[in-house]
Amino acid sequence: MSTATEPRFTLYSTTWCGYCRRLKIQLEQAQIPFAEVDIEEDPQAAEFVRSVNGGNQTVPTLRFPDGTAFTNPPLSKIKEKLAEADNV
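Since the structure is predicted, the reported quantities are computational estimates derived from the model, not experimental observations.

### A few points about the packing of aromatic side chains
Right, on to step 1. For the coordinates displayed, the defined rule picks out four aromatic pairs.
Right, on to step 2. On the basis of an interplanar angle of 50° and a centroid distance of 5.2 Å, the ring pair of Phe 9 and Phe 64 is categorised as tilted. Of this pair, Phe 9 sits in the segment before strand S1 (10-13) while Phe 64 sits in the loop between strand S3 (61-63) and strand S4 (69-71), and the two are 55 residues apart along the sequence. For the pair Phe 9 and Phe 64, one class covers both residues: buried.
Right, on to step 3. With centroids separated by 5.2 Å and ring planes inclined at 40°, the aromatic side chains of Tyr 12 and Phe 48 adopt a geometry described as tilted.

### Overview of the sheet that holds strand S2 (residues 35-38)
Right, on to step 1. Spatially, S2-S1-S3-S4 is the arrangement adopted by the four strands of the open sheet, whose pairing is mixed. Each edge of the sheet is formed by a strand with only one pairing partner; in this case those strands are S2 and S4. For this sheet, the mean inter-axis angle between neighbouring strands, taken without regard to orientation, is 20°.
Right, on to step 2. Of the pairings in the sheet, the one linking S1 to S3 comprises three bridges and is antiparallel in character. Considered in S3, the bridge of Thr 10 is made with Arg 63.
Right, on to step 3. Against the sheet, helix H1 (residues 18-29) contacts S1, S2 and S3, and its axis sits at roughly 155° relative to S1.
Right, on to step 4. In the packing of helix H2 (residues 43-52) onto the sheet, contacts are made with S1, S2, S3 and S4, and the angle to S3 comes to roughly 100°.

### Brief notes about the side chain of Thr 14
Right, on to step 1. With respect to the helices and strands, Thr 14 occurs in the loop between S1 and H1.
Right, on to step 2. The buried category is assigned to Thr 14, whose relative accessible area is 4%.
Right, on to step 3. Within polar-contact distance, the side chain of Thr 14 engages the backbone nitrogen of Cys 17 at 3.3 Å.
Right, on to step 4. When sequence neighbours within four positions are dropped, the list of residues in contact with Thr 14 reads Cys 20, Asp 38, Ile 39, Glu 40 and Val 59.

The rules behind each value
- Residues numbered from 1 in each chain as written.
- Predicted model: local features only at pLDDT ≥ 70, side-chain atom pairs only at ≥ 80, totals over all residues.
- Heavy atoms only, no water.
- Phe/Tyr/Trp six-rings, centres within 6.5 Å; stacked < 30°, edge-to-face > 60°.
- Helix = DSSP H or I, 4+ residues; strand = E, 2+ residues; numbered from the N terminus.
- Buried < 20%, exposed > 50% of the residue type's maximum accessible area, 1.4 Å probe, protein only.
- Pairing = 2+ DSSP bridges.
- Axes fitted to C-alpha atoms, helices over the stretch in contact; angles between N-to-C directions.
- Contact = heavy atoms within 4.5 Å.
- Polar contact = N/O pair within 3.5 Å; in protein donor to acceptor, adjacent residues only side chain to side chain.

Structural data, given as structure tokens:
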């Protein structure tokens, strides 16, 4: 089980992405901690995002500790994934 402040996943984003801003607000309101990486500032992060999105730098992309990735997921899908991880 994670602590309240331990990031549950990494959120790959850009500063100009409206979908990223919206998801970050939803995550903060749901009190779900996450780490954030700007893919325009981190070439390795951009490469990871391309590797899971058919060569495209599509954000927001989330990477979970088990290696799975979601692209622009709804908050409900993130909550389901976290609940599964908590029950393992």
